[in-house]
Amino acid sequence: MTPMNALNSRTTSVLALLAPVALLGACAMSGPSGSAGPAFSQAGLPAAVQVPDGHKVSMETVGVGKITYECRAKKDMAGQFEWVFVGPDAALNDRRGTMVGKYYGPPATWEARDGSKVTGTQVAVAPAAAGSIPFQLVKANPAVGMGAMQGVSHIQRVATKGGVAPQTACDAAGVGQKQVVDYQADYIFWAPVAMR
């Protein structure tokens, strides 16, 4: 066997041994929803909306839908008016684009296709890009029903696009009028490490 053939043979043997390792690595990098790619990282998020240590991602979704606002008088401010958030209506899709649940309210409710659902209380918000609703951290209430939402402790709203209150006038003549705006956001569901 020539030195070149021996080198090629050793290289082929090493590659054959490393193939299963590479395959395992690829599986480990799949997202929690089974999609390809690395798991979600909080590294670039403002500290206020980061989930505390001791939790891990249980599901990643992309919410695509609409938010309704209503023109109302400002509380305790006679003669002033504002657009008030009424509620969302969005499909929750996995990273492949398959619908896995829905998000609606009030109250804000995240429901998986298996019927399990959670509501929650806002913990913090942080500014997003201009023209987009803020990032948000929600502490989830105990889930109703068995399924994907069981054990969820926190929900993050990140990667927001659109969804801000209308720019049209809201005044006394418009009180009670509703406007619907399009939006998109990633909803990342977290559970305590011991739960999953």
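Quick caveat, the model's predicted, so the values are computed rather than measured. (Residues numbered from 1 in each chain as written. Predicted model: local features only at pLDDT ≥ 70, side-chain atom pairs only at ≥ 80, totals over all residues. Heavy atoms only, no water.)

Trainee: Would you take a moment to explain the packing of aromatic side chains for this structure?
Mentor: In this description, an aromatic ring pair is defined by two values, namely the gap between the centres and the angle between the planes. Applying the stated criterion to the full structure yields five aromatic pairs. Ring centres 5.0 Å apart and planes at 50° place the aromatic pair Tyr103 and Tyr187 in the tilted group. With Tyr103 in strand E3 (residues 99-104) and Tyr187 in strand E8 (residues 178-192), this pair connects stretches of sequence that are 84 residues apart. Accessibility classification places Tyr103 together with Tyr187 in one group, the buried group. Here Trp110 and Tyr187 contribute two aromatic rings whose centre-to-centre distance is 6.3 Å and whose plane-to-plane angle is 65°, an arrangement assigned as edge-to-face. (Phe/Tyr/Trp six-rings, centres within 6.5 Å; stacked < 30°, edge-to-face > 60°. Helix = DSSP H or I, 4+ residues; strand = E, 2+ residues; numbered from the N terminus. Buried < 20%, exposed > 50% of the residue type's maximum accessible area, 1.4 Å probe, protein only.)

Trainee: I tried to follow the sheet that holds strand E4 (residues 109-112) on my own but got confused; where do I start?
Mentor: Hydrogen bonds between backbone atoms are what pair the strands of a sheet, whose relative direction is either parallel or antiparallel. An order of E1-E2-E3-E4-E5-E6-E7-E8 is seen for the eight strands of this closed barrel, with the pairing classed as antiparallel. Between one strand axis and the next, the sheet turns through 30° on average, direction left out of account. By the bridge criterion, seven bridges tie strand E7 (residues 154-162) to E8 in an arrangement that is antiparallel. Bridging across to E8, Ile155 finds its partner in Phe189. (Pairing = 2+ DSSP bridges. Axes fitted to C-alpha atoms, helices over the stretch in contact; angles between N-to-C directions.)

Trainee: Hey, could you run me through the pairing of E7 in this one?
Mentor: Strand residues, when the strand is regular, have side chains that alternate between the two faces of the sheet. Examined bridge by bridge, strand E6 (residues 135-140) and E7 share four bridges and lie antiparallel to one another. Bridging from a neighbouring strand, Gln136 pairs with Arg157 of E7.

Trainee: Which parts of the structure should I look at to understand the state of the cysteines?
Mentor: By definition, a disulfide links the sulfur atoms of two cysteine residues through a covalent bond. The full count for this structure, using the stated rule, is one disulfide. Note that Cys71 is cross-linked by a disulfide to Cys170, the S-S spacing being 2.1 Å. Handedness of the Cys71-Cys170 disulfide follows from its S-S torsion of about 95°: it is right-handed. You can see Cys71 sitting in strand E1 (residues 55-73) and its partner Cys170 sitting in the loop between E7 and E8, a full 99 residues away along the chain. Each of the two residues, Cys71 as well as Cys170, counts as buried. (Disulfide = S-S within 2.5 Å.)

Trainee: Looking at this structure, I do not really get the pairing of E3. What am I missing?
Mentor: Here strand E2 (residues 81-93) runs beside E3; their pairing, made up of five bridges, is antiparallel. Following the sheet pairing, Ala90 is matched in E3 by Tyr103. Between E3 and the antiparallel strand that follows it, E4, lie four residues.

Trainee: Help me understand the nonpolar core, please; the structure alone is not making it clear to me.
Mentor: The nonpolar side chains of a soluble globular protein tend to be buried, and buried together. By size, the foremost hydrophobic cluster in this structure holds 23 residues, and its most contacted members are Tyr103, Trp110, Met149, Ile155, Tyr183, Tyr187 and Phe189. Of all the secondary-structure elements, those providing two or more residues to this core are E1, E2, E4, E6 and E8. Per-element accounting of this core gives the leading share, five residues, to E8. When neighbours within four sequence positions are excluded, Phe189 is seen to be in contact with Lys56, Val57, Ser58, Met59, Thr61, Leu92, Trp110, Met149, Val152, His154 and Ile155. Counting 11 residues, the second largest nonpolar core, distinct from the first, contains Leu45, Val49, Phe135 and Trp190. (Core = buried A, V, L, I, M, F, W, Y, C linked by side-chain atoms within 4.5 Å. Contact = heavy atoms within 4.5 Å.)

Trainee: Where do I start with the pattern of salt bridges in this structure?
Mentor: Side chains that carry opposite charge are capable of pairing whenever their charged atoms lie near each other. Applying the stated rule across the entire model yields four salt bridges. The partner of Arg72 in a salt bridge is Glu70, and the shortest N-O contact between them spans 3.3 Å. Of the charged contacts, one joins Arg95 and Asp186 as a salt bridge, the two residues approaching to 2.9 Å between their closest N and O atoms. Of this pair, Arg95 sits in the loop between E2 and E3 while Asp186 sits in strand E8, placing them 91 residues apart in sequence. Its relative accessible area of 11% is what places Asp186 among the buried residues. The network of salt bridges with common partners includes Glu60, Arg95 and Asp186. (Salt bridge = Lys/Arg side-chain N within 4 Å of Asp/Glu carboxyl O.)

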